[in-house]
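Fold and contact review
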Amino acid sequence: MTNARISGLRSVELGVPDLNRSSDFYQKIWGLQDIAAEGDTIYLRGTGAEHHLVALRQRPKAALLAVNFSASDRTAVAALHGQAKGYGVDGLTDLAELPRAAGGGYGFRFRTPEGLPMAISADVAQHGDVISDRSRPTKLTHVVLNSAAIDEQTSFFKDLLGFRHSDSTDMMEFIRCCADHHSIAFARGNGASLNHMAYEMANFDGLMRGAGRMKQAGFNIEWGVGRHGPGNNIFTYFVEPNGFVTEYTTEVEQVDEATYVPNTAEYWRNFPGRPCRWNMAGPPSNRLKAAMSGELLEGADENLRCEEVMARTLGR
Ligand SMILES: [Fe+2]
């Protein structure tokens, strides 16, 4: 069905109850940099060309407000909009010019069949400079979504948006829209929510430097350091102050479209080195599992401890 397709993952929009504190965390500890602010929103870039990787918006509760994808040009955006309209997707907005503070461009928003907010754009301003600091994220590289209807969601992204299938496990489906092994994955859950977002580091040394900065700021490594099976990426997971799960990752497998063959859940069930190819990382912490399911977004006590540590670290 698909002709036009998504070409990459740009950014996430997060609703946060304390905009300034969240901005402090994402800049001073996670390693992003503010590049624009407008109204209730702050835009934060990484070291790469993408205009911003995170948009933080002041909201009463922590919430995922959008996953933003790129298309190659305005024609592709318009074609994807037409495909979405034909598919009858929920929450479809008109094609529109986008705010200057967000890098401008042209795009639209819609919701997945399970109700999660998405956006597609082209012509968004890109940075001409690349910041040389391997300890800071270069780009947003994947987003994992929980789903109570994993097969339907995977089909939706493949049929409507042009994603390709990369791998299956008993718990997850991995799909891609560029050379990265996965830009989106779905995890089996009780409903639709953000499981985690992953930021690419330039190399393993950079990942460790970032993880060390997080550790010194009082954030436990909740899973890792390890190397995943599907995607082969090195990972380290944290719970940020709002209760979202955030990952530093590097060395994600680059897929050759001509030769790549997806692996089945059975293949991964029998794969030596689970859940970590190095047999280094054990299972994720219970706290991480709770955060991945969205249970910590309501301001659980555990989060407060992290926030207190962060406040001390930031001298506030
Ligand atoms: Fe991940």
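These lines cover the structure that appears in this document, whether it is placed above or below. Just so it is clear, the structure is predicted and the values come from calculations on it, not from any experiment.

1. Details of the overall build of the chain
What the chain contains, in helices and strands, is seven helices and 16 strands. Scaling as 2.2 N^0.38, a compact globule of 316 residues should have a C-alpha radius of gyration of about 20 Å, and the chain matches this with 18 Å. Each of the three principal axes of the chain carries a C-alpha extent, and together these read 50 × 50 × 35 Å. Looking at the chain as a whole, 56% of its 316 residues qualify as buried. A sequence separation of at least 24 residues applies to 67% of the contacts in the chain between residues at least 6 apart. Of the accessible surface of the chain, which amounts to about 13,100 Å², a share of 48% is contributed by carbon and sulfur atoms. Within the chain, one finds 32 positive and 38 negative side-chain charges whose respective centroids are separated by 3 Å.

2. Focus on the packing of aromatic side chains
Applying the stated rule across the entire model yields 22 aromatic pairs. Aromatic side chains tryptophan 30 and phenylalanine 238 sit 6.1 Å apart centroid to centroid with 80° between the ring planes, which places their arrangement in the edge-to-face category. Placement of tryptophan 30 in the loop between α1 (19–29) and β2 (33–38) and of phenylalanine 238 in strand β15 (residues 234–239) is noted, with a sequence separation of 208 residues between them. Under the relative-accessibility criterion, tryptophan 30 is labelled buried at 0%. Considering the side-chain rings of tryptophan 223 and tyrosine 237, the 5.1 Å spacing of their centres and the 25° angle between planes classify their relative orientation as stacked. Here tryptophan 223, found in strand β14 (residues 223–227), pairs with tyrosine 237, found in strand β15; they are 14 residues apart in sequence, far enough to count as distant. Each member of the pair tryptophan 223 and tyrosine 237 is classed as buried.

3. Looking at the nonpolar core
Residues Leu14, Tyr26, Phe69, Ile120, Val143, Phe157 and Leu161 are the most contacted members of the largest nonpolar core, which totals 61 residues. Here this core takes five residues from helix α3 (residues 150–161), the largest share from any one element. Isoleucine 120 has contacts with Ile6, Phe69, Ala71, Val77, Leu80, Tyr106, Gly107, Phe108, Phe110 and Leu161, leaving out every residue within four places of it along the chain. Judged by nonpolar contacts, the second largest core, of 12 residues, contains Val239, Val245, Ala281 and Ala290.

4. A few points about a nonpolar patch on the surface
A contiguous nonpolar surface patch, about 400 Å² in accessible area, is contributed by Phe204, Met208, Trp278 and Met280. Of note, tryptophan 278 is situated in the loop between α5 (265–269) and α6 (286–292). A relative accessible area of 35% means that tryptophan 278 is categorised as partly exposed.

5. Observations regarding the pairing of strand β11 (residues 172–176)
Where burial is concerned, most of β11 is hidden: five out of the five residues are buried. Burial along β11 is two-sided: Met172, Phe174 and Arg176 and Glu173 and Ile175, pointing in opposite directions, are all buried. Bridge count for strand β10 (residues 164–168) against β11 is four bridges, and the pairing is antiparallel. Looking at β11, one finds that aspartate 167 is bridged to phenylalanine 174. Here β10 folds back onto β11, and the loop between the two strands holds three residues. Two elements, β11 and strand β12 (residues 184–188), share four bridges in a ladder whose sense is antiparallel. Looking across to β12, one finds that glutamate 173 is bridged to phenylalanine 186.

6. Examining the coordination of the iron ion
Where a metal carries four tetrahedral donors, each ideal angle is 109.5 degrees; where it carries six octahedral donors, the ideal angles are 90 or 180 degrees. Every protein donor of the iron ion is listed here as His142 (NE2), His196 (NE2), Tyr237 (OH) and Glu247 (OE), and their distances to the metal cover 2.1 to 2.8 Å. Considering all four donor atoms around the iron ion, the spread of angles at the metal, 81 to 166°, places the coordination shape in the irregular class. For the iron ion, the donor residues sit on a single chain with the sequence spacing H-x53-H-x40-Y-x9-E. Taken together, the positions of histidine 142 in strand β9 (residues 139–147) and tyrosine 237 in strand β15 put the pair 95 residues apart, joining distant regions of the chain. Since its relative accessible area comes to 2%, histidine 142 is described here as buried.

What counts, and at which threshold
- Residues numbered from 1 in each chain as written.
- Predicted model: local features only at pLDDT ≥ 70, side-chain atom pairs only at ≥ 80, totals over all residues.
- Heavy atoms only, no water.
- Helix = DSSP H or I, 4+ residues; strand = E, 2+ residues; numbered from the N terminus.
- Rg over C-alpha atoms; globule rule 2.2 N^0.38 Å.
- Buried < 20%, exposed > 50% of the residue type's maximum accessible area, 1.4 Å probe, protein only.
- Contact = heavy atoms within 4.5 Å.
- Areas by Shrake-Rupley, 256 points an atom, 1.4 Å probe, with all protein chains shown as cover.
- Lys, Arg positive; Asp, Glu negative; His and termini not counted.
- Charge placed at Lys NZ, Arg CZ, Asp CG, Glu CD.
- Phe/Tyr/Trp six-rings, centres within 6.5 Å; stacked < 30°, edge-to-face > 60°.
- Core = buried A, V, L, I, M, F, W, Y, C linked by side-chain atoms within 4.5 Å.
- Patch = residues over 30% accessible without salt bridge, like charges linked within 9 Å, V, L, I, M, F, W, Y side chains within 5 Å.
- Salt bridge = Lys/Arg side-chain N within 4 Å of Asp/Glu carboxyl O.
- Pairing = 2+ DSSP bridges.
- Donors = N, O, S within 2.8 Å, 3.2 Å for Na, K, Ca; no water.
- Tetrahedral: all angles 85-135°; square planar, octahedral: opposite > 155°, others 65-115°.

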